[in-house]
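# Examining the three-dimensional arrangement
Here is what each chain is made of, one letter per residue.
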Amino acid sequence: MFKKLEEAYKGKRVFLTGHTGFKGAWMLKTLSMLGATVKGYALAPKQDDDLYHIINGDSLCISVIADLRDKERLSKEILDFEPDFVFHLAAQPLVRLSYEIPAETFEVNALGTAYVLGAVRLLEKKCSLVLITTDKVYQNNEWVYPYRETDRLGGYDPYSASKACTELVIDSYRNSFFNTSNYSEHQKVIAVARAGNVIGGGDWSKDRIIPDIVNSIRNNKVLSVRNPNSIRPWQHVLEPVMGYLLLGLKIDQEPLKFSGAYNFGPFDEDAFTVEDLVKLAILIFGKGTYECPILENQPHEATLLRLDISKAVQTLGWKPLLSSSEAISLTMNWYNVFISGEKDINLLVEENITTYLNQKND
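Residues numbered from 1 in each chain as written. Predicted model: local features only at pLDDT ≥ 70, side-chain atom pairs only at ≥ 80, totals over all residues. Heavy atoms only, no water.

With that out of the way, let us pick up the overall build of the protein chain. Counting its regular elements, the protein chain contains 15 helices and 13 strands. Its C-alpha radius of gyration of 19 Å places the protein chain within 12% of the 21 Å reference for a compact globule of 362 residues. Each principal axis of the C-alpha atoms in the protein chain carries an extent, and together these give about 60 × 45 × 40 Å. Residues classed as buried in the protein chain amount to 55% of the 362 residues present. Of all intrachain contacts in the protein chain linking residues separated by at least 6 positions in sequence, the fraction that spans at least 24 positions is 81%. Accessible surface computed for the protein chain: about 15400 Å², of which carbon and sulfur atoms make up 48%. (Helix = DSSP H or I, 4+ residues; strand = E, 2+ residues; numbered from the N terminus. Rg over C-alpha atoms; globule rule 2.2 N^0.38 Å. Buried < 20%, exposed > 50% of the residue type's maximum accessible area, 1.4 Å probe, protein only. Contact = heavy atoms within 4.5 Å. Areas by Shrake-Rupley, 256 points an atom, 1.4 Å probe, with all protein chains shown as cover.)

In this section: the sheet that holds strand β5 (residues 127-132). In space, the seven strands of this open sheet follow the order β3-β2-β1-β4-β5-β6-β11, with parallel pairing throughout. One side of each edge strand has no neighbouring strand; the edge strands of this open sheet are β3 (62-65) and β11 (260-263). On average, each strand axis in the sheet is inclined to that of its neighbour by 15°, with strand direction left out of account. Where β5 lies against strand β6 (residues 188-194), six bridges are found, and the strand directions are parallel. (Pairing = 2+ DSSP bridges. Axes fitted to C-alpha atoms, helices over the stretch in contact; angles between N-to-C directions.)

Tallied over the entire structure, the rule returns 13 aromatic pairs. Taking 5.6 Å as the distance between ring centres and 50° as the angle between the ring planes, the aromatic pair formed by W204 and F338 counts as tilted. Taken as a pair, W204 in the loop between β7 (198-199) and α9 (209-218) and F338 in helix α14 (residues 324-340) lie far apart in primary sequence, 134 residues in all. Take W204 and F338: they sit in the same class, and that class is buried. Taken together, a centroid distance of 5.0 Å and an interplanar angle of 85° make the contact between F264 and W318 edge-to-face. Here F264, found in the loop between β11 and β12 (272-273), pairs with W318, found in the loop between α13 (310-316) and α14; they are 54 residues apart in sequence, far enough to count as distant. Of the residues examined, F264 reaches a relative accessible area of 0% and is grouped as buried. Three or more aromatic residues joined by ring pairs make a cluster, and in this case those are W204, W334, Y335 and F338. Between the NZ or CZ atom of R13 and the centre of the ring of F81, over which it lies, the distance is 4.2 Å. Here K311 stacks its cationic end above the ring of Y262, 4.4 Å away from the centre of that ring. (Phe/Tyr/Trp six-rings, centres within 6.5 Å; stacked < 30°, edge-to-face > 60°. Lys NZ or Arg CZ within 6 Å of the ring centre and 35° of its normal.)

A few words now on the pairing of strand β2 (residues 37-42). Among the six residues of β2, five are classified as buried, and the element is accordingly described as predominantly covered. Note: strand β1 (residues 13-17) against β2, five bridges, orientation parallel. Directly across from V14, in β2, lies its bridge partner V38.

Worth remembering: the numbers are spatial, not functional.
Right under this line is the structure:
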């Protein structure tokens, strides 16, 4: 996989929004290792332990610290850079926070995406766009069937609804301004990647299960598990990151064939409840305790969510290379090394990426 991606991205100009975030930093490091020239656009990292600092992100890209809602600044940075690829990861990504700042969540996620697309529309060159939404864009009926890309979009909480709105924005721009029937004129192609419940080293976000586990262990506290029986499509961060890069490669090579939406997640049979994940994470780490208190008057969060990834598997030739157990193990080992200080973490990140890229995706 490494050679294929290196051929696609080496020397290419990649505009990456959200480059200071957890997933964005893994994406930035991977693009740097592939030889791409990256310009990042995001808010500043929130704390010293953020992965962006660990990988010395400022040395890997042209870093622009700005708000996605700053339409003029965003447009100027994109147009001045003249990217070959745009990967749009920047978002307000937290479900529980969206209940506290619903309007801002809609602004950042839906309107911010419109600003990205509006700027790219002004580019007078070929450009391939991969826009990242979430697995939570689907109208979740809490059924056992995995959701396909053609299923109805929706959202109970403000975050999920904002991402469904984002998809409507994308679809409108695709039809109105980047229609594939006129590709030879505008030379822009859009693909959408839907992934969520991503785990991996370097995530310190509030109200996410892995950071909560690690912080409880570091502080010698009992972890309170909110929704122990909820089932999620857990996946290591490198799974969707490589999926995004492969999708970018495909739409750049054959824009009329690969434009569209794609789910990225684990195989359907590889499902873990939140409590299963907690138990395994604590076992791998070697310490930690948890409890499952009965909580009342909590914000609504879906209890069951599965994705059908057959389109990405059959059309793109992508598939998850790590089981959920392997993803949890790789993640907790990363935090163990980080806390112990026994190894250079930037080197560990490089090793994780290299090992993953050198696996065969048969």
